[in-house]
Amino acid sequence: MTHILKTTKWAVLALSLGLMAACSDSDSDDSAAKPSAANNPPAAQSTLEAAKAAGTIRIGYANEAPYAYMDSNSNRITGEAVEIARVVLKRMGINEVEGVLTEFGSLIPGLQAKRFDIIAAGMYVTPERCQQAAFSNPTYGVGESFLVQKGNPKALHSYEDIAKKDDTKLGVVVGAIESEYARKMDIPLDRVVVFPDVVSALSGVQAGRADAYAATAMTVNDLMNKSATGDLEKAEPFTDPVIDGKSVRGYGAFAFRKDDQAFVDAFNAELAKFIGTEEHAKTVEPFGFTKAELPGDVTAAKLCAGEPAAGK
């Protein structure tokens, strides 16, 4: 019995040593230690590569004419920003755009959450926004304006007029730059009425909830062209706010996620060949844009650096 136990112990010990040697040999084999290339997952496609492969891309918009809106007659998204995007993206090999309607104030969060891949809403490039998104070079530059009741009963022709008249309220759209203008022009917060969208702001002025709606001149022009009620008008003349010693002029562009800089660079390359051409003029003319709104030599880099003053 003792002999059998001793024999068994030696057998177990020999087996253990054999296994240890096998493990030691395996660990020392460099080829075995290296992972197989076949087991490595393929590198993820970039946003641009994925869009080219699919032939389509999602764009976020806020239903604000003339920049981006749903045309109820054709049931098609259109506007200055959308039509420029269609041309530029097609030249890049992306033939279709899919619109994702979003409140203006939720556009950048929606972009970051990958609900869509580009913001095509005429969004102004500002240093603050440049911290959250990457912008293309601008497609237009424009000043501000007020939408007021017929006859402009409170004689509102500037942000200063709102600030010095205690019985006036200024309407702005949530997330738009106009609320920042109001703050910097010393308009008290309790006299700023925030609306969810342009249509609500227009109705708010009609109902007297706000005495003026502040927006870009292009937005107000479009509202006046489409309004059939006759009870509203564009405040004329109008003086743009002067902030940090500069008269504000806003420059609108497309926004991308910050990790899509290669996409931005490729987009800018095609955009540069398009802006200012006869084709560009014909594309944006239906939305009220003229040579007066061309951005000139203003770039996203300049705007992100706060030069010149940026605005919406």
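Keep in mind the model is a prediction, meaning the values are calculated, not measured. Think of each chain on its own: its residues are numbered from 1, step by step along the sequence as written. Only residues with pLDDT of 70 or above have their local features reported here, since the model is predicted, and side-chain atom pairs are shown and tallied only from 80 upward, although totals for entire chains, interfaces and linings are computed over all residues. As a rule here, side-chain values cover all heavy atoms of the structure and leave hydrogens and water aside.

1. Quick notes on the overall build of the protein
What counts here: In this text, helices come from DSSP runs of H or I with a minimum length of four residues, and strands from runs of E with a minimum of two, each type numbered from the N-terminal end. Each accessible area is a Shrake-Rupley estimate made with a 1.4 Å probe; only the visible protein chains count as cover when residues are assessed.
Looking only at helices and strands, the protein has 13 helices and 15 strands in total. Of the roughly 15900 Å² of accessible surface on the protein, a fraction of 54% belongs to carbon and sulfur atoms.

2. Re the state of the cysteines
Rule in force here: Criterion for a disulfide: a pair of cysteine sulfur atoms at a distance within 2.5 Å. Buried means the residue's accessible area, taken with a 1.4 Å probe over protein chains only, is under 20% of the maximum for its type, while exposed means over 50%, and partly exposed covers the values in between.
Applying the stated criterion across every chain, the model contains one disulfide. Disulfide pairing is shown between Cys 130 and Cys 304; the S-S distance is 2.0 Å. Where Cys 130 bonds to Cys 304 through sulfur, the torsion about that S-S bond is close to -75°, and the disulfide is left-handed. With Cys 130 in helix α6 (residues 127-130) and Cys 304 in helix α13 (residues 300-304), this residue pair connects regions lying 174 residues apart in the sequence. By relative accessible area, which is 8% here, Cys 130 ends up buried. Since its relative accessible area comes to 29%, Cys 304 is described here as partly exposed.

3. Quick look at the pattern of salt bridges
Heads up, the rule is: Counted as salt bridges are all cases of a side-chain nitrogen of Lys or Arg within 4 Å of a carboxyl oxygen of Asp or Glu.
Per the stated rule, a full pass over the model turns up 15 salt bridges. One salt bridge in this structure joins Glu 279 and Arg 91, with 2.8 Å as the shortest N-O distance. Taken together, the positions of Glu 279 in helix α12 (residues 278-284) and Arg 91 in helix α4 (residues 80-91) put the pair 188 residues apart, joining distant regions of the chain. Taking the relative accessible area as the measure of exposure, Glu 279 reaches 38% and is therefore partly exposed. By relative accessible area, which is 37% here, Arg 91 ends up partly exposed. Between Glu 180 and Lys 184 there is a salt bridge, with the nearest N and O atoms lying 3.9 Å from each other. Of this pair, Glu 180 and Lys 184 both sit in helix α8 (residues 178-184), four residues apart, which is roughly one turn of the helix. Look at Lys 184 and you get partly exposed, because its relative accessible area is 37%. The network of salt bridges with common partners includes Arg 58, Asp 117, Arg 257 and Asp 260.

4. Description of the confidence of the model for the protein
Our working definition: Confidence of the predictor in every single residue is expressed as pLDDT, which spans 0 to 100. Only heavy atoms matter for contacts: two residues are in contact if any of them lie within 4.5 Å across the pair.
On average, the protein scores 87 in pLDDT, and the residues at 70 or more come to 84%. Low pLDDT, under 50, characterises residues 1-41; the predicted model gives this stretch one contact beyond four residues in sequence or across chains.

5. Topic: the environment of Leu 48
Relative to the assigned elements, Leu 48 resides in helix α3 (residues 47-54). With relative accessibility at 14%, the residue Leu 48 sits in the buried group. Along the chain, Leu 48 and Asp 260 lie 212 residues apart, while their C-alpha atoms are 8.0 Å from each other. The contact partners of Leu 48, leaving out residues within four places of it in the chain, are Met 92, Ile 94, Phe 263 and Ala 266.

6. Focus: the sheet that holds strand β10 (residues 192-195)
Filter applied, for reference: Strand pairing is assigned whenever DSSP detects at least two bridges linking the two strands. Under this scheme, a helix contributes an axis fitted over its contacting stretch, all axes are lines through C-alpha atoms, and angles between N-to-C directions fall in the 0 to 180 degree range.
What the five strands build is an open sheet, ordered β10-β9-β11-β8-β12; its pairing is mixed. The sheet is open, and its two borders are formed by β10 and β12 (232-234), each paired with just one other strand. In this sheet, neighbouring strand axes are inclined to one another by 30° on average, regardless of whether the strands run parallel or antiparallel. Sitting on the sheet, helix α10 (residues 217-226) is in contact with β8 (144-149), β11 (212-216) and β12, with an inclination near 120° to β11.

7. Let's talk about the pairing of β10
Stated formally: By definition, the crossover connecting two strands over a helix is right-handed if that path, from the first strand to the second, turns clockwise as seen with the strands pointing away from the viewer.
Bridge count for strand β9 (residues 170-173) against β10 is four bridges, and the pairing is parallel. Bridging from a neighbouring strand, Leu 170 pairs with Val 192 of β10. The handedness of the β9 to β10 crossover, carried by α8, is right-handed.

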